[in-house]
Amino acid sequence: MSIHIDHISKSYGKVNALDDISIQVDPGELFGLIGPDGAGKTTLFRILTTLLLPDHGSASVAGYDIIADFKAIRKQVGYMPGRFSLYQDLTVEENLRFFATIFGTTIAENYDLIRDIYVQIEPFKNRRAGKLSGGMKQKLALSCALIHKPKVLFLDEPTTGVDPVSRKEFWEMLKRLQAKGITILVSTPYMDEAALCDRIALIQDGRILEIDTPKAIVEHYPKPIFDVGAHNTYLLIEKLNAYVHKHSVFPFGEYIHYTDQRDGFDPLELRAYLKNEGLQNIHIERTKATIEDTFMELAKQ
Amino acid sequence: MKEETVIKVEGLTKVFGDFTAVNKISFHVRKGEIFGFLGANGAGKTTAMKMLIGISSPSSGSANVAGFDVYTQTEDIKKSIGYMSQKFALYDDLTVKENIRFFGGIYGLSKNRISQKSNLLIEELGLEKVAHSLVGSLPLGWKQKIAFSVSLLHDPKIVFLDEPTGGVDPITRRQFWEMIYKAANNGTTIFVTTHYMDEAEYCDRVSIMVDGNIEALDTPKNLKTHFGSDSMNDVFLKLARS
Amino acid sequence: MKRFIGFVQKEFYHIFRDRRSLFILFGMPVAQIMLFGFAITNEINNVDIAILDRSQDASTKEIISKISSSEYFSILQHIKEEAEIEEVFKKGRVKAVLYFEKEFSKKLIKQHTAKVQIVTDATDPNVANTISNYINSILSHYQEEQNRAITQDYQIIPQSRMVYNAELKSVYMFVPGVMTVILMLVSAMMTSISITREKELGTMEILLVSPLNPVQVIIGKVFPYIFLSIINAAAIVILSIFVFHVPVKGSLFLLGLESVLFIVTSLALGILISTISATQQTAMMISLMGLMLPVILLSGFIFPISSMPVPLQVISNIVPAKWFIIIVKGIMLKGVGIHIVWKETLVLLGMTLLFIGLSVRKYKIRLE
């Protein structure tokens, strides 16, 4: 139940939404497409779910060609588009029952698969979908996408606009689904979620920056990274950016992630420079790169 | 040094029918502060924000924004604040310059002032090439940066930002925050909501709402110490799950 | 089949939970028919007319007295010469002149035909039409009375343009028009909006990525509206019969069949509109501008087609509503059968097949 994507390109007028994309997702894998809005994630999802035709290249899902066997794919996959596409004027239960019916099944038949998720929203089953919170809509949309026991699940930005608690719960659910043998392709603009996937593809402006396991991607980061802090963050950013040897300066939570152009960089030298510029409580410490560091490093090139 | 308070909220409450969306919240925000306003979906953030910007009337309690009362002086509040949200920021079918002119006009800026400001803004953001392009044709990150600048056009005392960086790429997101730092450094107060927990760390102080109440309010550092966590994400999860 | 029922059930939920569209569905027919029936009536009262009687014989005198005794007309003056006609119109009070030819009675008895000219002030064409209608009707009443007494029929030939609505009620003319407008509105606009709503919500994406094929989706969306439109059509006919006493002279069954045909035509148009619009707003605009206006203006509902400029008359042929109005008027008011309206029925049928064909060709199994 794998996904092969072979040199897919798609453009809208002059804009290259996807530029020669190749990805191979193994059966049972939880694969993440990581990139900001406009990177081409949604276009790729629509091509794989047979909603759009690629300009060039080919792809197959669960062994079926996305063009020739589009009907077979439509029976096999579960798809959750961006904006939780639910009928706002139908209740939770009516939405679920409707999607079960059009796939020729019933809620009872596949209840096992969705039980974990659905029990959380079941107390609200008579509430209209439009009146649910973002987290509950997300769970309902996932239940609807799962109700026909799909072999491959496509989730387009399922956690966008959802608070961290719901996001965490959502990823825990995905892990359990994966354990049941479902292949999952999920996209997200949140870099911190990348670590939860088996493998990820970093994507920006329709191009793949890198494909690997989250761990390997972090290890590939070419330079030592330092956490830098001081009493005034704004001044610190300004001074770091003005430093002649700087390679990159990015705020990262409490600290600034700093990399130097030189190979034999001495943190003491930077400390002296910052002190000289009037900064106090200077803190400089070696730290590990994150996926976001790698993404930005690759995107800069 | 006596610090000026620009937002004063005491026991602010909003009730919809038998549902209390915002339950007696109280906090102060100082001038030039970056104040992070966090909370899960449905915790009451948006409702509270709507009361502060004068588009929703509180059920009880008091609040004073930029020196004006949220019950009686909403028009004055609207003149002294800037507002930008993820959902609506600029008109996609107007050019960058037309948007600036339009929003400048709304806030009653003179023609000279608008053209002066818009030239400055375009130069600062390096938008010379796209000044006459439709906003809809620009990448999301650019739009959000322009929208933020536009919300500062009339030199508001406070800017309210509702999830300004949702979906924006990581580099642009940081550039956006550098703009926020800069505005705060110039004395503008920033009131911001976000779902990115690393962004919470950029704030001077952070409040976390759970079910209509403010459950925590402190500097990110103190919050992390208090909850024994190494990140704001962890603080948030601990609070929201308890 | 279970899928289809599930789908249709969902559509009914949508319809019954949206108060606004529910109002359009069921409030509009009643409101419109009442509006046209009571308020915007073309009926006339005490209109001033002039008489130019070249015969001055028994027949003309009787006719004139019938006209002057009716509540609709009062005779303001008698004139002697044709040349005076223009003059009286210019003064403005007289709305019509009745011109009897010479030796009216004699011709009627000997040749069995006599002519009377109804000259109306066409500055207000609606009133003019109505006046000539009313006079026609009085003339035909007189004719019927005379004919009862004798074997050889008399024939008075009124020379005016209006032909039907002999029963003197403007509501008779409006019923077919209102019925057409309502069926068009409900069927075309509501279906196009309900299909584009799924596009806007993003649920169309999920429906496409499901084993339902597009034809099933479309039929599922359209089916409830066929049902509701039939109820609407029935409601209009019932209202017309019991509130306004409009007779249905022809076969109710045939009227029903023709209505179903027109409903399908409108639904096909609605689907066609939904294939070319991305948002509900566009669908609504296209339905209103592209369908409603022609239905009201070019179908013969309000303005008679025969008095339109030739180019508009030609254009009116491609408005499906025109053909349906002819059919309904024929069946309801004239009592004709399919042997008379078969041509119009075929035209409608052809249009329907064309629209369905176009929609199927335009309907995408993918996005874009």
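Conventions adopted
For every chain, the first residue of the written sequence is number 1, and numbering continues from 1 onward in sequence order. Chain A is the first chain written and ligand 1 is the first ligand written, with later ones labelled in order. In keeping with the predicted nature of the model, local features appear solely for residues at pLDDT of at least 70, side-chain atom pairs appear and are counted solely at 80 or more, and the whole-chain, interface and lining totals rest on all residues. Side-chain numbers come from the whole structure's heavy atoms, not from hydrogens or water. Runs of H or I in DSSP of at least four residues are treated as helices and runs of E of at least two as strands, each being numbered from the N terminus. The globule rule used here is 2.2 Å times the number of residues to the 0.38 power, and the radius of gyration it is set against is calculated over C-alpha atoms. Note on contacts: a residue pair qualifies if any of its non-hydrogen atoms lie within 4.5 Å across the two residues. Under the convention used here, a 1.4 Å probe and the Shrake-Rupley method define accessible areas, while residue burial counts only the protein chains that appear. Neither His nor the chain ends contribute to the count of charged residues, in which Lys and Arg are positive and Asp and Glu negative. Where a charge sits is defined by one atom per residue type, namely NZ (Lys), CZ (Arg), CG (Asp) or CD (Glu). Every axis in this analysis is a line fitted to C-alpha atoms, fitted for helices over the stretch in contact. Angles between the N-to-C directions lie between 0 and 180 degrees. Any angle between 65 and 115 degrees counts as roughly perpendicular, while under 35 counts as roughly parallel, over 145 as roughly antiparallel, and the rest as oblique. Each crossing gets its handedness from the near helix: less than a right angle anticlockwise from the far helix is left-handed, clockwise is right-handed. Classification convention: Asp, Glu, Lys, Arg as charged; Ala, Val, Leu, Ile, Met, Phe, Trp, Tyr, Cys, Pro as nonpolar; all other residues, Gly among them, as polar. At least two DSSP bridges between two strands are needed for those strands to be called paired. Under the scheme applied here, a residue whose accessible area is under 20% of the maximum for its type counts as buried, over 50% as exposed, and between as partly exposed, the area being computed with a 1.4 Å probe on protein chains only. Two parts placed together each lose some accessible area under a 1.4 Å probe, and adding up what both lose gives the buried area. Counted as salt bridges are all cases of a side-chain nitrogen of Lys or Arg within 4 Å of a carboxyl oxygen of Asp or Glu. Here the nonpolar core consists of buried residues drawn from Ala, Val, Leu, Ile, Met, Phe, Trp, Tyr and Cys, with membership extended through side-chain atoms lying within 4.5 Å. Each domain span listed reflects an automatic or database assignment of domains. Any pair of nitrogen or oxygen atoms within 3.5 Å is treated as a polar contact; in protein, a donor-acceptor pairing is required on top of that, and neighbouring residues in sequence qualify only through side-chain atoms on both sides. The rule is short: rings of Phe, Tyr and Trp, with Trp giving its six-membered ring, pair when the centres are within 6.5 Å, and they are stacked under 30 degrees, edge-to-face over 60, tilted in between. The rule is short: NZ of Lys or CZ of Arg within 6 Å of the ring centre and within 35 degrees of the ring normal puts a charge over the ring.

Things to note about the overall build of chain B
Assigned secondary structure in chain B consists of nine helices and 10 strands. Computed over the C-alpha atoms, the radius of gyration of chain B is 18 Å, within 12% of the 18 Å expected from 2.2 N^0.38 for a compact globule of 242 residues. Dimensions of chain B, computed from the C-alpha atoms along their principal axes, are close to 50 × 40 × 40 Å. Considering only residue pairs separated by 6 or more positions, chain B has 67% of its internal contacts joining residues 24 or more positions apart. Of the roughly 10,700 Å² that chain B leaves accessible, carbon and sulfur atoms contribute 49%. Treating the 28 positive side-chain charges of chain B as one cloud and the 28 negative ones as another, the clouds have centres 3 Å apart.

Overview of the packing of helix H8 (residues 233-242) of chain A against helix H6 (residues 170-185) of chain B
When two helices pack together, their arrangement is captured by the angle between the axes and the distance separating the axes. It is the contact of H8(A) with H6(B), at a shortest axis distance of 9 Å, that shows an interaxial angle of 125°. Viewed along their axes, H8(A) and H6(B) adopt a mutual orientation that is oblique. Crossing of H8(A) against H6(B): the hand is left-handed. Taken together, the residues of H6(B) that come into contact with H8(A) (itself represented by Thr233(A), Tyr234(A), Ile237(A) and Asn241(A)) are Glu178(B), Tyr181(B), Lys182(B) and Asn185(B). Of the residues assigned to the contact of H8(A) with H6(B), the class counts are three nonpolar, three polar and two charged.

Some thoughts on the sheet that holds strand E2 (residues 15-25) of chain A
Residues and elements named next belong to chain A. Judged by pairing direction, the sheet is antiparallel, and its four strands sit side by side in the order E2-E1-E4-E5 without closing on themselves. The open sheet is flanked by E2 and strand E5 (64-65), the only strands paired with a single partner. By the bridge criterion, five bridges tie strand E1 (residues 3-12) to strand E4 (residues 56-61) in an arrangement that is antiparallel. Within E4, the residue paired with Ile5 across the bridge is Ala59. Across the face of the sheet, helix H1 (residues 41-48) comes into contact with E1, E2 and E4 while running at roughly 120° to E1.

Observations concerning unusual backbone geometry
Backbone geometry at Thr50(A) places phi at a positive 65°, although glycine is not the residue there. Along the chain, Thr50(A) turns up in the loop between H1 and E4.

Some thoughts on the packing of helix H6 (residues 164-179) of chain A against helix H9 (residues 232-241) of chain B
At their nearest, the axes of H6(A) and H9(B) sit 9 Å apart, and the two run at 90° to each other. Regarding the angle of H6(A) to H9(B), the classification is roughly perpendicular. From H6(A), Pro164(A), Val165(A), Lys168(A), Glu169(A) and Glu172(A) reach across to H9(B), where they touch Asn233(B), Phe236(B), Leu237(B), Ala240(B) and Arg241(B).

Some points on the environment of Ser133(A)
Residue and element names in this part refer to chain A. Within the fold, Ser133 resides in the loop between helix H4 (111-121) and helix H5 (134-146). Residue classification places Ser133 among the partly exposed positions, given a relative accessible area of 24%. Sequence-wise, Ser133 and Val162 are 29 residues apart; in three dimensions their C-alpha atoms are separated by 9.1 Å.

Some points on the interface of chain A and chain B
Counting residues at the interface gives 32 residues for chain A, matched by 29 residues for chain B. Between chain A and chain B, the buried area comes to about 2,600 Å², and carbon and sulfur atoms account for 62% of it. Looking at the side of chain A that touches chain B, the elements that each hand over two or more residues are H5, H6, H8, strand E12 (246-252) and helix H10 (291-300) of chain A. Here the side of chain A that touches chain B is composed, by residue class, of 15 nonpolar, eight polar and nine charged.

So, the pattern of salt bridges
Applying the stated criterion across every chain yields a total of 37 salt bridges over all chains. With a closest N to O distance of 3.0 Å, Lys117(B) and Asp155(B) form a salt bridge. A residue pair is termed long-range when its members are at least 10 positions apart, and Lys117(B) in helix H4 (residues 111-124) and Asp155(B) in the loop between helix H5 (140-151) and strand E7 (158-162) qualify at 38 residues. Judged by its relative accessible area of 16%, Lys117(B) is buried. Overlapping salt bridges, with partners in common, bring together Glu292(A), Arg173(B), Arg174(B), Asp198(B) and Glu199(B) in one network.

Here we look at the nonpolar core
Within the largest apolar cluster, 159 residues are counted, with the highest numbers of intra-cluster contacts made by Val61(A), Leu142(A) and Phe154(A). In terms of residue count, the dominant contributor to this core is helix H7 (residues 170-201) of chain C (15 residues). Sequence-distant contacts of Val61(A), defined by excluding residues within four places in its chain, comprise Ser2(A), Ile3(A), Leu48(A), Ile66(A), Ile73(A), Val77(A), Val152(A) and Phe154(A). Listed in part, the 65 residues of the second largest apolar core include Phe265(A), Tyr273(A), Ile34(B) and Val210(B).

What about the sheet that holds strand E5 (residues 68-69) of chain B?
Residue and element names in this part refer to chain B. Read across the sheet, four strands follow the order E2-E1-E4-E5 without closing on themselves; strand pairing throughout is antiparallel. This sheet does not close on itself; its edge strands, each paired only once, are strand E2 (19-30) and E5. Taken together, the two bridges between strand E4 (residues 60-65) and E5 define a ladder with antiparallel strand orientation. Residue pairing in the sheet places Val65 in a bridge with Phe68 of E5.

Quick word on the interface of chain C and chain A
Taken together, the contact between chain C and chain A spans 27 residues of the former and 34 residues of the latter. Contact between chain C and chain A buries roughly 2,900 Å² in total, counting both sides, with carbon and sulfur atoms accounting for 61%. The largest per-residue losses of area from chain C upon contact with chain A belong to Arg17(C), Val209(C) and Arg366(C), which jointly make up 25% of the total buried on that side. In this structure, the connection of chain C to chain A is made through two salt bridges. Arg17(C) is the salt-bridge partner of Glu94(A), the closest N and O atoms lying 2.6 Å from each other. Mapped by element, the contributors of at least two residues to the side of chain C that touches chain A are helix H1 (2-17), H7 and helix H8 (203-208) of chain C. By residue number, the principal contributor to the side of chain C that touches chain A is H1(C), which donates nine residues. Residue composition of the side of chain C that touches chain A, by class: 11 nonpolar, six polar and 10 charged.

Digging into the domain arrangement of chain A
Residues and elements named next belong to chain A. You can read the domains of chain A as domain 1 (3-218) and domain 2 (222-300). Distance between the C-alpha centres of domain 1 and domain 2: 37 Å. Each partner contributes to the interface: domain 1 provides 15 residues, whereas domain 2 provides eight residues. Summed over both sides, the interface of domain 1 with domain 2 buries roughly 900 Å², with 80% coming from carbon and sulfur. Of all residues in domain 1, Met191, Leu209 and Val218 bury the most surface against domain 2, accounting for 57% of the area lost on that side. At the junction of domain 1 and domain 2, the tally comes to zero salt bridges. On inspection of domain 1 and its partner domain 2, the count reaches zero residue pairs in polar contact (both at pLDDT 80 or more). The biggest single contributor to the side of domain 1 that touches domain 2 is strand E9 (residues 199-204), with four residues. Tallied by class, residues from the side of domain 1 that touches domain 2 come to 12 nonpolar, two polar and one charged.

Considering the pairing of strand E8 (residues 189-193) of chain B
Residues and elements named next belong to chain B. Judged by how many residues are buried, E8 sits mostly within the fold: five of five residues are covered. The side-chain alternation of E8 yields two buried faces, one formed by Thr189, Phe191 and Thr193 and the other by Ile190 and Val192. Bridging between strand E3 (residues 34-39) and E8 involves three bridges; their strand directions are parallel. Counted as the bridge partner of Gly36 is Val192 from E8.

Comments concerning the packing of aromatic side chains
Per the counting criterion, the structure on display carries 30 aromatic pairs over all chains. Relative to Phe265(A), the ring of Phe226(A) lies with its centre 5.2 Å away and its plane at 75°, an arrangement referred to as edge-to-face. Taken together, the residues span a long stretch of sequence, with Phe226(A) in strand E11 (residues 225-229) and Phe265(A) in the loop between strand E13 (255-260) and helix H9 (267-276) at a distance of 39 residues. With respect to burial, Phe226(A) and Phe265(A) carry one shared label: buried. Among the aromatic side chains, those forming a connected cluster through ring pairs are Phe226(A), Tyr243(A), Tyr258(A), Phe265(A) and Tyr273(A). Just above the ring of Tyr190(A) sits the side chain of Arg167(A); from NZ or CZ to the centre is 3.6 Å. Sitting over the ring of Phe7(C), Lys10(C) keeps its end group 4.8 Å from the ring centre.

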